[in-house]
Amino acid sequence: MSNQPRHIAIIMDGNGRWAEAQGKSRTYGHERGAETVRAITTYCAQHKEIDRLTLYAFSTENWKRPKIEVEFLMKLLEKYLKNERATYLKNNIRFEPIGDLSIFSKSLRAVIDDVQKATQGCNGLVQCLALNYGGCDEIVRAANTLCQRGELISFDTLNAQLDCSHDVDLLIRTGGDQRLSNFLLWQSAYAELFFTKTLWPEFTADELEAIIKKFKTVERRFGGLN
Ligand code: FPP
């Protein structure tokens with residue numbers, strides 16, 4: 001039987017370069033990137049073999065960017081979630097955030113909370129947005145919670161305490177670089193990694209479909225033998 005890409009995770013890289021290549025501002029690239037988020041989420045929602053799509057929207061390191069870009073991304077996220085609320089419900093998509101949300105503005109947290117609560121009964125695709133997320137930060141927070149409770153750290157206790165307890169099957173990075181950038185480090189232990197030079201605003205459902213086709217042919221051994 002071929003592999004099923006039940007959990008797809010994507011590092012959406014290349015918005016800035018895509019915009020700059022056409023003489024536009026980096027923020028314009030993020031706006032176009034949000035349209036790709038919509039298109040890829042719709043594709044995944046229509047393919048029942050895909051349970052979960054986790055997208056790296058803002059990392060714990062992205063705060064180092066110029067203030068104007070960070071503020072733009074915060075506003076874009078808020079606008080996106082408000083606009084997409086009805087579409088999540090129509091397409092039976094459950095929205096789940098991961099990351100340390102405590103740092104966000106009250107209004108962004110309120111929208112995140114509202115969309116999460118509104119869609120909690122949806123049982124189709126889970127669209128998970130990684131927001132102020134870092135794999136190292138996630139593991140440290142989970143370990144600290146267990147320590148504070150006086151619980152032993154084992155694979156199962158730590159895994160259950162993470163923001164995301166779902167193994168990644170297929171991890172894609174757009175934009176040409178070949179690194180994980182602190183994304184889903186624990187969950188990607190046995191993920192199949194695919195890197196494409198396509199910049200995120202130009203990534204399409206057709207390219208995702210071609211990657212999934214290749215993924216299905218890979219022999220996954222998880223450290224064992226055939
Ligand atoms: C990396 O590309 C991208 C980000 C840090 C932000 C990702 C944001 C989006 C895709 C749009 C908003 C998201 C949602 C969910 C509405 P980069 O800007 O670092 O690209 P570069 O490497 O070309 O500079």
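See the structure above.
Residues numbered from 1 in each chain as written. Predicted model: local features only at pLDDT ≥ 70, side-chain atom pairs only at ≥ 80, totals over all residues. Heavy atoms only, no water.

Draft legend 1. Geometry of the site of the ligand. Contacts to the ligand come from 17 residues, most closely from Asp13, Arg17, Arg26, His30 and Arg65. At a separation of 2.9 Å, an oxygen atom of the ligand approaches a polar side-chain atom of aspartate 13. Between asparagine 15 and the ligand, the recorded distance is 3.2 Å, taken from a backbone N or O atom to an oxygen atom. If the ligand stood free it would expose 630 Å²; the protein chains cover 93% of that surface. At the level of elements, helix 1 (15–21), helix 2 (26–46) and helix 3 (67–90) are the ones that each hand at least two residues to the shell around the ligand. Broken down by class, the residue content of the shell around the ligand amounts to 8 nonpolar, 5 polar and 4 charged. (Near = heavy atom within 4 Å. Polar contact = N/O pair within 3.5 Å; in protein donor to acceptor, adjacent residues only side chain to side chain. Areas by Shrake-Rupley, 256 points an atom, 1.4 Å probe, with all protein chains shown as cover. Helix = DSSP H or I, 4+ residues; strand = E, 2+ residues; numbered from the N terminus. Nonpolar A, V, L, I, M, F, W, Y, C, P; charged D, E, K, R; others polar.)

Draft legend 2. How the structure looks around the environment of glutamine 46. Counting through the fold element by element, glutamine 46 comes out in helix 2. On a C-alpha basis, the gap between glutamine 46 and asparagine 91 in space is 8.5 Å, while along the polypeptide they are 45 residues apart.

Draft legend 3. Representation of the packing of helix 2 against helix 3 within the structure. As a packed pair, helix 2 and helix 3 sit with axes 10 Å apart at the nearest point and diverge in direction by 30°. Of the possible angle classes, the one that applies to helix 2 and helix 3 is roughly parallel. In the crossing of helix 2 with helix 3, the sense of the turn from one axis to the other is right-handed. In this structure, helix 2 uses Arg26, Thr27, His30, Glu31, Ala34, Val37, Arg38 and Thr41 to contact helix 3, whose residues at the interface are Glu69, Phe72, Leu73, Leu76, Lys79, Tyr80 and Glu84. (Axes fitted to C-alpha atoms, helices over the stretch in contact; angles between N-to-C directions. Parallel < 35°, antiparallel > 145°, perpendicular 65-115°, else oblique. Left-handed = near helix turned anticlockwise from the far one by under 90°. Contact = heavy atoms within 4.5 Å.)

Draft legend 4. Broad picture of the packing of aromatic side chains. Scanning the model with the defined rule gives 10 aromatic pairs in all. Taking 6.1 Å as the distance between ring centres and 80° as the angle between the ring planes, the aromatic pair formed by tyrosine 56 and tyrosine 133 counts as edge-to-face. Here the residue tyrosine 56 occupies a position in strand 2 (residues 52–59), and tyrosine 133 occupies one in strand 4 (residues 126–133), the gap between them amounting to 77 residues. Residues tyrosine 56 and tyrosine 133 agree in their burial class; the two are buried. Both rings, one in tyrosine 88 and one in phenylalanine 95, keep their centres 5.8 Å apart while their planes meet at 45°; by these two values the pair is tilted. (Phe/Tyr/Trp six-rings, centres within 6.5 Å; stacked < 30°, edge-to-face > 60°. Buried < 20%, exposed > 50% of the residue type's maximum accessible area, 1.4 Å probe, protein only.)

Draft legend 5. Layout of the pairing of strand 1 (residues 7–11). Most of strand 1 is tucked away, with 5 of its 5 residues classed as buried. Of the two faces of strand 1, the one carrying His7, Ala9 and Ile11 and the one carrying Ile8 and Ile10 are both buried. Strand direction decides the pairing type here: strand 1 and strand 2, joined by 5 bridges, are parallel. From the neighbouring strand, isoleucine 11 faces strand 2, where its bridge partner is tyrosine 56. In this structure, strand 1 lies alongside strand 5 (residues 170–173), joined through 4 bridges in parallel fashion. Within the sheet, the bridge partner assigned to isoleucine 10 lies in strand 5 and is isoleucine 172. (Pairing = 2+ DSSP bridges.)

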